Every structure is written in C-alpha cells, then in structure tokens.
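Inside the fold
If you want the building blocks of each chain, they are given just below.
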Amino acid sequence: PHRSPTSTALRSEPEIVSVPLAEGRNYPIYIGADLLNSDSETLASHAKGNDVLIVSNTKIAPLYLARVESIFKSAGKNTYTCILPDGEEYKDLPTLNLIYDEALKNGLDRKCTFVALGGGVIGDMVGYAAASYQRGVDFIQVPTSVMAMVDSSVGGKTGVNHALGKNMIGAFHQPNCVFIDTNTLETLPDRELKSGISEIIKYGLIRDAPFFEWQEKNIPELLKRNPTIFAEAIKRSCENKAEVVAADEKEAGVRATLNLGHTFGHAVENGSGYGHWLHGEAVAIGTAMATDMSARMGWIDESLTARVQSILKLADLPTELPGDSPMTTEKFLSLMSVDKKVANGVLRLILLKGELGNCVFTSDFDDNAMKETIDLYVS
Ligand code: NAD
Ligand code: MG
C-alpha cells in the first residue's frame, strides 16, 4: 500500500491541527496523504527517549509495522514491537498485560515512548498502557481507521473494557502527537470506512453547517478513499472535536453533544446482539431517529430531516432497523434507559433544534414524540 519514496516530489505539507490542553500545553495532529513516507522525520521527532515500543495487531502489523519501525530505527531509536490479537473482544485487561510484559521484558524505563499503530481499539489500549506503565510514559498515535482518525485521537480518553461494562477501566492521557497518513485507509474494510464516516457526519449536524454542506458534495470522494479529500474531512472533524472538548471545561454538557445518535444507537447496538452492527452503523440509525424525533416536536424543518436521510444514504449507511428485527418499543426504551447519560434517573437526549448545525442536550422533550419515533423504527 505504500507509494515509492519518489512520490515525495509531489507532496504537499501536512495539515496540522493543534489540540489545546490544560495549562496552555497542546499537541499536534499531522494529517496528510502518504505522510509515513514523506514526513517520517516529523513522526520520529516526537519520541523523546531512546526506546520505542510499537504496538499493533495481527491485521495491521503485516501492512504497516515494517514502515513505522524503520522510521524510528532510522532516527536511531531502539525499537520493540508488540502484536495483539485483533478485535474489540481483546480490548481487555489480560490482553493489555501483553504490552506491559513486552515493556518489562526489555527493561524499558520511564523515558520510553509507546506508539499505537491501529484503529480505536489499539489507540485506547496503548494510551491506557502508556498512562499506567511506570505511572505514565509518553505515547504517539498512528491511527489507521476513520474512527480513530476523526474521533478517538482527540480528547485523551484511553482505556479497556470490563466484562461488566465498555471502557470501564481507563484514564485521561494525552499523546505527544497524532500522525495520520490517509493512505493507510486504502486497506480499511468498506464497512469500517463507512462506519467512521457516520461520526464525521455528526460534527456537521451538531455544530458545523458549512462542513455538512461540504460533505453533501464530497462523500462520494470519501467512499473512493480519495486521500486528499479525506485529509480535509479529518482535519475539520478533529478541529470540531478539539473545540468541543476544550469548551467543556467551562460549559458542562457540551461534550455530550458529541453523542448525537448515540443513545438511540446504543439501544440499536445492544438490542441487535453483539457484532450485528458496527458502532458507526448503529449511530447512523440513531442519528436518523434523533432527527425524526426532533422534527415530530417541530424543532427542525422537514427539509432538514430529508437532508439527514439523504446524506446517510449517500454514505451507504443504514437508516432503518432490519425488517425482521425482534425489537419492541418497550425493549428499546429499556435499553435506552440504561444508557450512561441517564443522570439521576432522567433521560437526556441530544436533539436537533433550529437551523442545520444546531443541537441541544436536554431532558425537556416530549415523551410521546420519542415513543412515536421508536414505534416507527421497530415496526
Ligand atoms: P478497531 O480498532 O477494531 O478497527 C476496526 C477494524 O479495522 C479492526 O479489525 C482493525 O484491525 C481494522 N483496521 C484498522 N485500520 C485498518 C487499516 N488501515 N487497514 C486494514 N484494517 C484496518 O475499531 P475502530 O472503529 O477503529 O475503533 C473502535 C474503538 O474505538 C472502540 O473500542 C471505541 O470504544 C473506541 N473509541 C474511543 C474513543 C475515545 O475517545 N477514546 C472515541 C471513539 C471510539
Ligand atoms: Mg461514537
């Protein structure tokens, strides 16, 4: 999947999104086509000590590990690798332990850097391993899935799942940098690609109307994996997420708007049985439901409902539950009520309100509208 080094003659500078952190610190997200070949020095410069532990999985390592390892080797680093099994079911403590094993076996000290090479699962696990190894070491993210590039690389949430709950063990830990080569998307499975696009659409709907309009024109190019158009979509997504995350410190609740479609989506995900829907697919159905409910209450114009339906279909994302789905409205409601956004027994939802690009996070909605929406979708 890698271009020959001669393609660097055609390279453009990477886009850089700076993510603000507390105390005036920040970290860069580098985004561009072919960066692993054209900007390798930039990546290596973010590893401070001599030792680098690159963590990937059995699917991604054969594709990109040799390239990433050679970048750090060329910069004079001692490199070590750890290859985990692939899949959300391995985002757990026993598998996490394999990272510590490798680090300790090689005597890595607190000045080492962990590199996460993979999707959101690898990013979350390696981030947490870095947060906890010897009370915290540096880490770098090299995300290879759309989901990891537009969502999990910003915000500092890291962690693993517990048998009793997703992402229940974790920490906030910020990377030294995020390094996104959009050419790595060439090998991402179709469904995973589209699932990640669902989170891109979310940013337009909740706060960035011009970005939504841009997507209405450019989604066909995203589906073709056009690396330059993808770099633009990722940049604008990361900027949006970084702004929301930064604003949340002052304005409690804004970060929740990133979960548009997620409360309905979690019920879709959990109600359909493990592995039926990818996360972004469930979020797409959830977004369609939140939009339908908003329109029922008269909060948005029907023309916006039509645009949401159209953009999800343009991205080839699902907007309905399968006809044979064994779901009932009662079951759906009970699945929604266990959502973690239920605070003090009050369900709060992210709903669209007003012009494109505006939403609210509220418990002040019409229960009947919610039931009507669910009735429509489960039937
Ligand atoms: P994933 O990491 O499981 O990747 C999806 C699949 O695609 C995997 O099989 C993976 O090996 C494969 N893959 C990834 N990149 C590839 C490539 N370039 N070529 C070929 N195959 C490739 O899943 P994901 O959707 O990337 O991430 C989901 C995870 O991210 C979840 O665990 C979720 O909790 C987490 N997440 C975290 C945050 C956060 O803020 N920390 C935000 C969103 C999601
Ligand atoms: Mg999500």
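Below you will find a few notes about this structure. Every chain's residues receive numbers from 1 upward, in the order its sequence appears when written. Ligands are numbered from 1 and chains lettered from A, in the order in which they are written. Since the coordinates come from a predicted model, pLDDT governs what is reported: local features require at least 70, and pairs of side-chain atoms require 80 or more to be given and counted, while whole-chain, interface and lining totals use all residues. Water and hydrogen atoms play no part in the side-chain values, which are based on all heavy atoms of the structure.

Turning our attention to unusual backbone geometry. Even without glycine at this site, Arg135 takes up a positive phi of about 65°. Put simply, DSSP marks the helices as runs of H or I at least four residues long and the strands as runs of E at least two long, and each gets a number from the N terminus on. With respect to the helices and strands, Arg135 occurs in the loop between α5 (120-132) and β6 (138-143). Per-residue accessibility, obtained with a 1.4 Å probe over protein chains only, is compared with the maximum for each type, and a residue is labelled buried under 20%, exposed over 50%, and partly exposed between these values. The exposed category is assigned to Arg135, whose relative accessible area is 75%. You will see that Asn167, though not glycine, has its phi angle at about 55°, which is positive. With respect to the helices, strands and loops of the structure, Asn167 is situated in strand β8 (residues 165-172).

Let's shift gears to the nonpolar core. By nonpolar core we mean a set of buried residues, namely Ala, Val, Leu, Ile, Met, Phe, Trp, Tyr and Cys, connected to one another through side-chain atoms within 4.5 Å. Formed by 78 residues in total, the largest nonpolar core has its most connected members in Ile29, Ile201 and Phe332. Excluding residues within four positions of it along the chain, Ile201 makes contact with Phe212, Gln215, Ile219, Ile311, Leu312, Ala315 and Leu317. Here, two residues are considered to be in contact whenever any of their heavy atoms come within 4.5 Å of each other.

This paragraph deals with the sheet that holds strand β4 (residues 78-84). Pairing between strands is defined by DSSP: at least two bridges between them are needed. Read from one edge of the open sheet, seven strands run β1-β2-β9-β6-β5-β3-β4, paired in mixed fashion. Two strands bound the open sheet, and with one partner strand each, they are β1 (15-20) and β4. Taken pair by pair, the neighbouring strands of this sheet meet at an average axis angle of 20°, ignoring direction. The pairing of strand β3 (residues 51-57) with β4 spans seven bridges and is classified as parallel. Residue pairing across strands places Val55 opposite Cys82, the latter belonging to β4. Angles run from 0 to 180 degrees between N-to-C directions of axes, and those axes are lines fitted to C-alpha atoms, restricted for helices to the stretch in contact.

To continue, consider the coordination of the magnesium ion (ligand 2). Distances decide who is a donor: an N, O or S atom must be within 2.8 Å of the metal, or within 3.2 Å for Na, K and Ca. Water is not included, so sites may look incomplete. Within the first shell, the magnesium ion (ligand 2) binds the protein through Glu199 (OE), His262 (NE2) and His279 (NE2), at distances of 2.1 to 2.3 Å. On the accessibility criterion, His279 (25% relative accessible area) is partly exposed.

Pairing of strand β7 (residues 157-162) with β8, which is carried by five bridges, proceeds in the antiparallel orientation. Residue Gly159 lies in a different strand from β8, and its bridge partner there is Gly170. Hairpin connection of β7 to β8: two residues between the antiparallel strands.

Between helix α10 (residues 262-271) and helix α11 (residues 279-296), the shortest axis-to-axis distance is 7 Å and the interhelical angle comes to 130°. Classified by the interaxial angle, the pair formed by α10 and α11 is oblique. Handedness of the crossing formed by α10 with α11: right-handed. Residues His262, Phe264, Gly265, His266, Val268 and Glu269 of α10 touch α11, and the partners they reach there are His279, Ala282, Val283, Ile285, Gly286, Met289, Ala290 and Met293. Class assignment for the residues of the contact of α10 with α11 results in eight nonpolar, five polar and one charged. Comment on the angle field: the value is read as roughly parallel under 35 degrees, roughly antiparallel over 145, roughly perpendicular from 65 to 115, and oblique elsewhere. In this scheme the crossing of two helices becomes right-handed for a clockwise turn of the near helix relative to the far one and left-handed for an anticlockwise turn of less than a right angle. Amino acids outside the nonpolar list (Ala, Val, Leu, Ile, Met, Phe, Trp, Tyr, Cys, Pro) and the charged list (Asp, Glu, Lys, Arg) are all regarded as polar, and Gly is one of them.

To continue, consider the environment of Gly271. Note on placement: Gly271 falls in helix α10. What makes Gly271 buried here is its relative accessible area of 14%. For the pair Gly271 and Thr328, spaced 57 residues apart in the sequence, the C-alpha separation amounts to 9.7 Å. Those residues in contact with Gly271, other than ones at most four positions away along the chain, are Met327, Lys331 and Leu335.

Turning our attention to the pattern of salt bridges. Oppositely charged side chains may form a pair once their charged atoms are brought near each other. Any Lys or Arg side-chain nitrogen found within 4 Å of a carboxyl oxygen on Asp or Glu counts as a salt bridge. Under the definition given, this model contains 19 salt bridges. When the shortest N-O distance is used, the salt bridge between Lys241 and Asp151 registers 2.8 Å. One end of the pair, Lys241, is in helix α9 (residues 227-248); the other, Asp151, is in helix α6 (residues 146-152), and 90 residues separate them in sequence. The class of Asp151 is buried, set by a relative accessible area of 14%.

Before going further, it helps to spend a moment on the site of ligand 1. Ligand 1 sits among 26 residues. The nearest are Glu88, Gly120, Thr144, Ser145 and Thr187. Throughout this description, a polar contact denotes any pair of N or O atoms lying within 3.5 Å of each other; where both atoms belong to protein, one of them has to be capable of donating a hydrogen while the other can accept it, and for residues adjacent in sequence the pair is counted only when both atoms sit in side chains. A distance of 2.7 Å separates an oxygen atom of ligand 1 from a polar side-chain atom of Glu88. Within the contact set of ligand 1, an oxygen atom lies 2.8 Å away from a side-chain nitrogen or oxygen of Lys91. Contributing elements (two or more residues each) for the shell around ligand 1: α3 (61-74), α5, α6 and β8. Partitioned by chemical class, the residues of the shell around ligand 1 number seven nonpolar, nine polar and 10 charged. Residues are labelled near a given molecule or strand when at least one of their non-hydrogen atoms is within 4 Å of it.

What follows deals with the packing of α10 against helix α13 (residues 329-337). At a closest axis distance of 8 Å, the pairing of α10 and α13 adopts a crossing angle of 115°. As α10 runs across α13, the sense of the crossing is right-handed. Here Thr263, Phe264, Ala267, Val268, Asn270 and Gly271 of α10 lie close against α13, whose contacting residues are Lys331, Phe332, Leu335 and Met336. Looking at the contact of α10 with α13 residue by residue, the class counts come to six nonpolar, three polar and one charged.

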